[in-house]
Each structure stands twice: as C-alpha cells, then as structure tokens.
Amino acid sequence: MRKFTLLIFLLTCGFASAQKGLKLGVEASPAWHINIQRDVSTSITSNTTGYGFNIGMPLRWGFSETMAFQTGLSFDMMLFDVRFNKQLQTSNRNGSIHLPLQLSYGLSGGWNLLVGTGFNYMILNRQWVFGLTSDISIATNKFQPYGALGISTMMERGSGIFELGVIGRFHFIDLYNGDTTFSDPVFRNWVCSFDLALRY
C-alpha cells in the first residue's frame with residue numbers, strides 16, 4: 001500500500017510540474033455495476049446488478065486542440081444487494097482507490113471520445129448477511145485493472161468547465177480469488193461498470 005501511494009504521488013506531481021494548463025477538478029459520479037458470474041464446470045452465466053459512486057479529484061491535461069489526457073484519484077464504491085420480497089438478504093460492499101488513465105479525443109458537435117485503461121485497488125471489502133458483517137478482503141483480488149470506453153461533453157459554467165459523460169469499464173481480473181470458502185473456485189466473477197461522469 002505504501003508503494004502504491006508513492007506511485008500516485010509521483011505521477012500526480014510529475015504531471016502538475018511538467019504540463020502547463022493542467023486542470024484539477026472535483027467529481028461526484030453515480031455508477032451502476034454488473035457482477036458477471038460464470039460456472040466453469042457448466043459454462044452457465046448469471047448476473048448480479050449493483051450500484052455505487054465515484055468521489056474524487058480528476059486531472060485533465062489538454063495537449064492539442066482535440067486531444068487531452070485524463071487521470072485523477074477517487075474513491076470508488078460498489079454495492080451488490082440480494083433482496084427477497086423487497087427485503088435485503090445479503091450485500092457485498094467493495095470500496096477502492098481508483099486511478100483512471102484515459103485519452104479524450106474531440107469529435108464533432110462538442111462531444112469527446114474517451115478511451116483508455118486504469119485500475120482499482122480494493123481497500124474495503126465487506127459482506128453483510130442478515131445484519132452480520134464480515135471482512136472478505138482475504139477472498140478479494142485487490143488489484144483490478146480494466147479497459148474503458150465512453151463519451152462526454154464539456155459545458156462552461158461560471159469560471160469553470162462542467163463535464164458530463166458516460167463511461168463503461170470492464171475489469172479483467174476475477175473479483176474473488178477462489179482461495180477461501182467464501183469464493184468457490186468453480187465460479188468466476190468479473191465486474192462491468194457504467195459511470196455517469198459528473199466533473200467540474
């Protein structure tokens with residue numbers, strides 16, 4: 001965790017000092033998640049939908065009229081609830097430090113294409129079952145890289161710029177490691193996320 005924090009610090013300082021016109025903002029974005037579960041023995045796939053949010057500070061560096069590099073640091077929360085007769089039965093809650101690494105390319109009509117990668121580092125992993133909470137960090141793969149694709153538009157608001165967009169992320173690594181009784185190795189779990197990007 002110490003090495004990870006140092007990496008973020010050096011990356012942020014490097015861009016802040018090397019690039020003029022770097023813009024720092026704030027982000028508070030709702031998100032929807034799909035936990036794709038596949039039974040390896042039968043090849044049967046099922047999905048669990050979830051919700052969450054991103055709160056943090058985006059960084060944007062425009063290096064041409066049409067191209068920009070976007071990164072930042074945020075807290076990403078995912079919640080997957082299972083309900084029966086509208087009553088909450090179980091809930092898996094995963095919180096992480098989120099670092100996006102994306103390129104923004106200007107399209108016609110004021111829209112921007114967003115493409116890139118990034119990763120989440122899981123720091124909070126809990127399972128709630130009928131009022132009892134347990135730590136499932138030991139069963140979670142903490143490093144979660146992903147590929148991202150999205151679209152956004154910019155609008156001037158006062159002295160700043162407001163960005164509105166939609167970004168899809170697919171995480172490459174199984175959410176759970178299958179090394180404990182919590183996660184059966186027969187099942188694979190991948191997360192697909194859709195963020196409603198609200199940045200200023």
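(A) Fine view of the nonpolar core. Counting residues in hydrophobic clusters, the biggest one holds seven residues: Met78, Phe80, Met122, Ile136, Leu175, Tyr176 and Val191. Within the second largest apolar cluster, five residues are counted, among which are Leu114, Tyr146, Ile167 and Ala197.

(B) Spotlight on the pairing of strand β6 (residues 111–129). As judged from the 17 bridges shared by strand β5 (residues 87–106) and β6, these two strands associate in the antiparallel manner. Pairing of Gly106 across the sheet is with Asn112, part of β6. Two successive antiparallel strands, β5 and β6, enclose a turn made up of four residues, where Gly109 displays a positive phi of approximately 75 degrees. Of the strand pairs in this sheet, β6 and strand β7 (residues 132–135) are connected by four bridges, and their pairing is antiparallel. If you follow Arg126 over to β7, its bridge partner there is Asp135.

(C) Layout of the side chain of Ser29. Summarising the element assignment, Ser29 is placed in strand β2 (residues 27–39). A polar contact is formed between the side chain of Ser29 and the backbone oxygen of Leu196, at a distance of 3.3 Å.

(D) Spatial organisation of the packing of aromatic side chains. Under the definition given, this model contains four aromatic pairs. Taking the centre distance of 5.0 Å and the plane angle of 45 degrees together, the rings of Trp61 and Phe63 count as tilted. On the basis of an interplanar angle of 40 degrees and a centroid distance of 5.1 Å, the ring pair of Phe119 and Phe143 is categorised as tilted. Taken together, the positions of Phe119 in strand β6 and Phe143 in strand β8 (residues 143–157) put the pair 24 residues apart, joining distant regions of the chain.

Thresholds, definitions, all that
Residues numbered from 1 in each chain as written. Predicted model: local features only at pLDDT ≥ 70, side-chain atom pairs only at ≥ 80, totals over all residues. Heavy atoms only, no water. Core = buried A, V, L, I, M, F, W, Y, C linked by side-chain atoms within 4.5 Å. Buried < 20%, exposed > 50% of the residue type's maximum accessible area, 1.4 Å probe, protein only. Pairing = 2+ DSSP bridges. Helix = DSSP H or I, 4+ residues; strand = E, 2+ residues; numbered from the N terminus. Polar contact = N/O pair within 3.5 Å; in protein donor to acceptor, adjacent residues only side chain to side chain. Phe/Tyr/Trp six-rings, centres within 6.5 Å; stacked < 30°, edge-to-face > 60°.

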